[in-house]
Amino acid sequence: MTTILVTGGTGTLGRLVTERLRSGGHEVRVLSRHTQPYAVDLRKGGAGLDAAVAGVDTVVHCATSTNGGDEKAAGQLIAAARKAGVRHLVYISIVGVDRVPLGYYKAKLAVERMVEESGLEWTVLRATQFHDLVVKVLGAMARVPVVLIPSGVPDQPVEVAEVADRLAELAVAAPAGRVDDMGGPEVRSFDSLARAYLEATGRKRLVLNVPLWGKAYRAFRSGGHLAPERAVGKGTFEEYLGRRAGGGRGA
């Protein structure tokens, strides 16, 4: 049995990683900003972070923020992990961070490089977008009568539970560096995902494909965020929508 720290351990991915590691008999510490006993703001570090990593064999770094601060948080975590003698640092990243010039993607790529240069043994897994994120985006779009979809943009959503399975597997294995990307089972047009979402939620909306501009849009349109050669996920978007509907969850 090993002691593993999961940052962002109450989030969409981190919660599932924690469950899988605990079911495997490992001692798991959950670090998040509001969960005791390891309630820590990674961007600030300090004694709480030092206590969280003390005696830990492996850190699975799932914590992230689209509002900025990922690089600062990673710096604090890496410094504390080095000081504590952590054996293995596992990081979850996103397919396309080196191809799509989006601010959040640039930050994730910068953290990848920090992990690689940390002096720790490490593993980095890139995955495509989770079904949950696609539904969150579509839910926001569908609040108005007309759903505006970026024209010509494909997507390859993956089931978050499958990514959690893979991360837990990597966490208890030997450090492996950059491992193969993990993509969902299908490359789909965003238009088709939107129509599937609207049908599943019973919403009547007009869907319009709108051409955009800019380097990030062109990169998404050309599939820079996809991994068709690594379509290893099994769960489809419709299956995910079916589970949500069956569970009575809001959309």
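Quick summary incoming for the structure in this document. (Residues numbered from 1 in each chain as written. Predicted model: local features only at pLDDT ≥ 70, side-chain atom pairs only at ≥ 80, totals over all residues. Heavy atoms only, no water.)

**With respect to the nonpolar core**
So, step 1. Of all hydrophobic cores here, the largest spans 25 residues; its most connected members are Leu13, Val60, Val163 and Leu167.
So, step 2. When residues in this core are grouped by element, the largest group, eight residues, is from helix α6 (residues 160-171).
So, step 3. Ignoring anything within four residues of it in the chain, the contact list for Leu13 reads Cys62, Ile92, Phe130, Val160, Val163, Ala164 and Leu167.
So, step 4. Among the nonpolar cores identified, the runner-up in size contains 24 residues, and Val59, Ala74, Ala81 and Val86 belong to it. (Core = buried A, V, L, I, M, F, W, Y, C linked by side-chain atoms within 4.5 Å. Buried < 20%, exposed > 50% of the residue type's maximum accessible area, 1.4 Å probe, protein only. Helix = DSSP H or I, 4+ residues; strand = E, 2+ residues; numbered from the N terminus. Contact = heavy atoms within 4.5 Å.)

**Comments concerning a nonpolar patch on the surface**
So, step 1. A grouping of Val146, Leu148, Leu206 and Leu208 is seen on the molecular surface, where their side chains present a nonpolar patch of about 330 Å² in accessible area.
So, step 2. Looking at the nonpolar patch, the elements that each hand over two or more residues are β6 (146-150) and β10 (206-210).
So, step 3. Residue placement: Val146 occurs in strand β6.
So, step 4. Since its relative accessible area comes to 31%, Val146 is described here as partly exposed. (Patch = residues over 30% accessible without salt bridge, like charges linked within 9 Å, V, L, I, M, F, W, Y side chains within 5 Å. Areas by Shrake-Rupley, 256 points an atom, 1.4 Å probe, with all protein chains shown as cover. Salt bridge = Lys/Arg side-chain N within 4 Å of Asp/Glu carboxyl O.)

**A closer look at the side chain of Thr58**
So, step 1. Mapped onto the elements of the fold, Thr58 is located in strand β3 (residues 58-61).
So, step 2. Among the polar contacts listed, one links the side chain of Thr58 to the side chain of Arg87, at a separation of 3.4 Å.
So, step 3. Once residues lying within four places of it in the same chain are set aside, the contact partners of Thr58 are Thr3, Ile4, Leu5, Val86, Arg87, His88, Val90 and Ala171. (Polar contact = N/O pair within 3.5 Å; in protein donor to acceptor, adjacent residues only side chain to side chain.)

**Considering the sheet that holds strand β5 (residues 121-127)**
Hydrogen bonds along the backbone pair up the strands of a sheet, which may run parallel or antiparallel.
So, step 1. Pairing is parallel in the open sheet, where six strands are placed in the order β2-β1-β3-β4-β5-β8. Each of the sheet's edge strands pairs with one partner strand only, and the pair in question is β2 (27-31) and β8 (177-178).
So, step 2. The strands touched by helix α4 (residues 103-116) are β4 (88-94) and β5; relative to β4, the strand with the most contacts, the crossing angle is about 160°. (Pairing = 2+ DSSP bridges. Axes fitted to C-alpha atoms, helices over the stretch in contact; angles between N-to-C directions.)

**A closer look at α4**
So, step 1. In a regular helix each residue adds 1.5 Å, so 14 residues correspond to 20 Å; α4 covers 20 Å between its end C-alpha atoms and thus fits that length.
So, step 2. Of the positions making up α4, those classed as buried are Tyr105, Ala107, Lys108, Leu109, Ala110, Val111, Glu112 and Val115.
So, step 3. On its buried face, α4 is in contact with α3 (70-84), β4, β5 and α8 (215-221). (Expected span 1.5 Å × (residues − 1).)

**Things to note about the environment of Thr2**
So, step 1. Structurally, Thr2 can be placed in the segment before β1 (3-7).
So, step 2. For Thr2, a relative accessible area of 25% corresponds to the partly exposed category.
So, step 3. For the pair Thr2 and Glu27, spaced 25 residues apart in sequence, the C-alpha separation works out to 6.2 Å.
So, step 4. If near-sequence neighbours (up to four positions away) are discounted, Thr2 is found in contact with His26, Glu27 and Asp57.
So, step 5. Among the polar contacts made by the side chain of Thr2, one reaches the side chain of His26 at a distance of 3.0 Å.

Remember, this is a structural readout, not a statement about activity or role.
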